[in-house]
Amino acid sequence: MASKVLDDFLKQNLEDLKSRGLYNVIDPLESPNGPIIKIAGKELINLSSNNYLGLATDERLKEAAHQAIEKFGVGAGAVRTINGTLEIHIELEKKLAEFKHTEAAIAYQSGFNCNMAAISAVMDKNDAILSDELNHASIIDGCRLSGAKIIRFKHSDMDDLRAKAKEATESGQYNKVMVITDGVFSMDGDIAKLPEIVEIAEEFGLITYVDDAHGSGVLGKGAGTVKHFGLSDKIDFQIGTLSKAIGVVGGYVAGKKELIDWLKVRSRPFLFSTSLTPGDVAASIKAIEILINSTELNNRLWENGNYLKKKLKSLGFDIGNSETPITPVIIGDEVKTQEFSKKLYEAGVYAKSIVFPTVPRGTGRIRNMPTAAHSKEMLDQALTIYEKIGKEMGILS
Ligand SMILES: *Cc1c(COP(=O)(O)O)cnc(C)c1O
């Protein structure tokens, strides 16, 4: 029999969310997640995916996945440490280390899993973690899981970080202190101040941890935010995902060989969750080869991002201060923002509204994610729709 306590809990909370307009309805796609998507029979210009380079539908990746499925089947059959390590898992990890300019790398089933795995493999209740207040949910959860003291610093505020690093290290309360940050912050598209973070880390002897989910494939000609700043040998943990620019699914940690050796014997998702499927692994290897050998897709991503930004700005929209192709259009008022997104949908553009509590109150925005796969025509069409709705709603004069 179903629990009455659970029933009451669910009913009350679902109703509460719905009455406040916060219940998220999910739109299933009837097409691949490419530059044009189909939802409920309707074709839309897609400005919402993290498929930055268009690799999710790339023929070369699809072919590599097909071949691996033929050779190894659809599942790896066990966790990595029993006998779920296929030779292609090792090949992927070698490629990842080459891609990230580190001694070694370890692959996980997702970027989320990396943060569950890596932080608690090294940090415990006798340690402290300095965490940017806008860090991704999986970083926050990973920090909590470790049991370490979490000390939040103001977003990209280096004076605040320095003061808190000084206090934490001089208190003598902690065995180890780590600083942890996103490489690229996905709501505003701004980049972490890694050179300053490294400087502070060196001054106070901090462990450095950068989750570059939105930077890999995008910054540093594809190699990521750490490479962008020339700091490959200064960051202890480089986390990445295979699910965004790489176009597949999975995640990885890149760093020194001893670190990776340790994660292979101590990180729980590696030890207790079945490894990536052969198709995912082979497609990811192909994607990384493409990124190592050519900057063509990366160049196209930036061209499209810069084009969209320039045009939106000249129309008169507030596009914030993004330093990456992520392009917010800041509307402000939450209700207006959601209405704007709905009107875009009706007119043929799929771009999600992002409002409080994901971003601060009064900074509601439409987040646009241009990719290498968009054509100029698609972007122009989206811009025409933006202009029309902006005028209709009195956001543009
Ligand atoms: C998206 C994201 C993740 C999760 O990656 P998945 O591979 O989708 O699980 C982790 N960290 C950051 C910073 C992200 O943006």
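Residues numbered from 1 in each chain as written. Predicted model: local features only at pLDDT ≥ 70, side-chain atom pairs only at ≥ 80, totals over all residues. Heavy atoms only, no water.

K.L.:
An account of the overall build of the chain is needed here, citing residue identities and associated values.
P.N.:
Helix and strand counts for the chain stand at 14 helices and 15 strands. Taking 2.2 N^0.38 as the reference for a compact globule, 397 residues should give roughly 21 Å; the C-alpha atoms of the chain span a radius of gyration of 22 Å, in line with that estimate. Considered along the principal axes of its C-alpha atoms, the chain spans approximately 60 × 60 × 55 Å. Here the chain holds 397 residues, and 52% of them are scored as buried. Across the chain, contacts joining residues at least 24 apart in sequence account for 70% of those joining residues at least 6 apart. Carbon and sulfur atoms form 52% of the exposed surface of the chain, whose accessible area is close to 18,600 Å². Across the chain, the mean location of the 48 positive side-chain charges is 2 Å away from that of the 53 negative side-chain charges. (Helix = DSSP H or I, 4+ residues; strand = E, 2+ residues; numbered from the N terminus. Rg over C-alpha atoms; globule rule 2.2 N^0.38 Å. Buried < 20%, exposed > 50% of the residue type's maximum accessible area, 1.4 Å probe, protein only. Contact = heavy atoms within 4.5 Å. Areas by Shrake-Rupley, 256 points an atom, 1.4 Å probe, with all protein chains shown as cover. Lys, Arg positive; Asp, Glu negative; His and termini not counted. Charge placed at Lys NZ, Arg CZ, Asp CG, Glu CD.)

K.L.:
How would you summarise the packing of helix α12 (residues 296-315) against helix α14 (residues 376-392) if you had to cite specific residues and measurements?
P.N.:
Relative to each other, α12 and α14 sit at 20 degrees, their axes nearing to 11 Å. In terms of orientation, α12 and α14 fall into the roughly parallel class. As α12 packs across α14, the resulting crossing turns out to be right-handed. Facing α12, whose interface residues are N304, Y307, L308, K311, L312 and L315, α14 presents K376, L379, D380, L383, Y386 and E387. For the contact of α12 with α14, the residue count by class is 7 nonpolar, 1 polar and 4 charged. (Axes fitted to C-alpha atoms, helices over the stretch in contact; angles between N-to-C directions. Parallel < 35°, antiparallel > 145°, perpendicular 65-115°, else oblique. Left-handed = near helix turned anticlockwise from the far one by under 90°. Nonpolar A, V, L, I, M, F, W, Y, C, P; charged D, E, K, R; others polar.)

K.L.:
Residues and numbers for the pattern of salt bridges, please.
P.N.:
Under the definition given, this model contains 22 salt bridges. Linking D58 and R60 is a salt bridge whose minimum nitrogen-to-oxygen distance equals 2.9 Å. Accessibility expressed as a relative area gives 13% for D58, which makes it buried. You can call R60 partly exposed: its relative accessible area is 43%. With a shortest N-O distance of 3.8 Å, K342 and E346 are connected by a salt bridge. Highlighted residues: K342 and E346, both in helix α13 (residues 334-347), separated by 4 residues, approximately one helical turn. Looking at K342, the relative accessible area reads 54%, which means it is exposed. Through salt bridges with shared partners, one network takes in R80, E93 and K264. (Salt bridge = Lys/Arg side-chain N within 4 Å of Asp/Glu carboxyl O.)

K.L.:
Lay out the domain arrangement of the chain in plain terms, naming residues and giving numbers.
P.N.:
Domain annotation for the chain reports domain 1 (19-48 + 295-393) and domain 2 (59-293). Between domain 1 and domain 2, the C-alpha centre-to-centre distance is 28 Å. At the junction of domain 1 with domain 2, the criterion picks out 1 salt bridge. A salt bridge links D188 to R365, with the nearest nitrogen and oxygen atoms 2.9 Å apart. Along the contact surface separating domain 1 from domain 2 lie 9 residue pairs in polar contact (both at pLDDT 80 or more). (Domains from an automatic or database assignment. Polar contact = N/O pair within 3.5 Å; in protein donor to acceptor, adjacent residues only side chain to side chain.)

K.L.:
Please provide a residue-by-residue account of the UniProt feature "domain: Aminotransferase class I/classII large" (unreviewed entry) in the chain, values included.
P.N.:
Mapped onto the present numbering, the UniProt feature "domain: Aminotransferase class I/classII large" (unreviewed entry) falls on residues 43-383. Taken end to end, residues 43-383 is 44% helix and 17% strand, and its first and last C-alpha atoms sit 16 Å apart. (UniProt positions renumbered as here; feature names shortened; annotations may be inferred.)

K.L.:
Any details on the site of the ligand? Residues and values, ideally.
P.N.:
Residues in contact with the ligand amount to 14 residues; listed here are only the nearest, G111, D211, T241, S243 and K244. H136 places a polar side-chain atom, nitrogen or oxygen, 3.5 Å from a nitrogen atom of the ligand. The contact in question runs from a nitrogen atom of the ligand to an N or O atom on the side chain of D211, over 2.6 Å. Its free accessible area being 380 Å², the ligand has 85% of it covered by the protein chains. Of the residues forming the shell around the ligand, the biggest block, 3 residues, is contributed by helix α4 (residues 111-122). (Near = heavy atom within 4 Å.)

K.L.:
Go over helix α5 (residues 137-146) with me, naming the residues and quoting the values.
P.N.:
Along α5, the residues that are buried comprise S138, I139, G142, C143 and S146. What you see down the axis of α5 is that its buried residues fit within an arc of 140 degrees, all on one side. Among the exposed residues of α5, those pointing more than 90 degrees away from its buried face are R144 and L145. Against α4, β4 (128-132), β5 (149-153), β6 (177-182) and β9 (207-211) lie the buried residues of α5. One or two steps after α5, the chain reaches G147, where phi turns positive at roughly 80 degrees. (Arc of directions from axis to C-beta.)

K.L.:
Provide a residue-level description of the packing of aromatic side chains, including the pertinent values.
P.N.:
As enumerated under the stated definition, the model contains 6 aromatic pairs in all. Relative to F270, the ring of Y108 has its centre 6.2 Å away and its plane inclined at 75 degrees; by these criteria the two rings are edge-to-face. Note that Y108 is positioned in strand β3 (residues 104-108) and F270 in helix α10 (residues 268-272), a separation of 162 residues in sequence. Look at Y345 and Y350: their rings are 6.0 Å apart centre to centre, the planes differ by 65 degrees, and that puts the pair in the edge-to-face class. Judged by its relative accessible area of 10%, Y350 is buried. Looking at K18, its charged tip hangs above the ring of Y23, at a distance of 4.7 Å from the centre. (Phe/Tyr/Trp six-rings, centres within 6.5 Å; stacked < 30°, edge-to-face > 60°. Lys NZ or Arg CZ within 6 Å of the ring centre and 35° of its normal.)

K.L.:
Describe the sheet that holds strand β10 (residues 237-241), naming the residues involved and giving the relevant values.
P.N.:
With mixed pairing, 7 strands are arranged side by side in an open sheet as β3-β11-β10-β9-β6-β4-β5. Taken across any chain shown, the strands that pair with only one partner, and hence form the sheet edges, are β3 and β5. For this sheet, the mean inter-axis angle between neighbouring strands, taken without regard to orientation, is 20 degrees. Relative to the sheet, α4 contacts β3, β4, β6, β9, β10 and β11 (251-255), its axis offset from that of β10 by approximately 160 degrees. Contacts between α5 and the sheet are confined to β4, β5, β6 and β9, with β6 contributing the most and set at about 160 degrees to the helix. (Pairing = 2+ DSSP bridges.)

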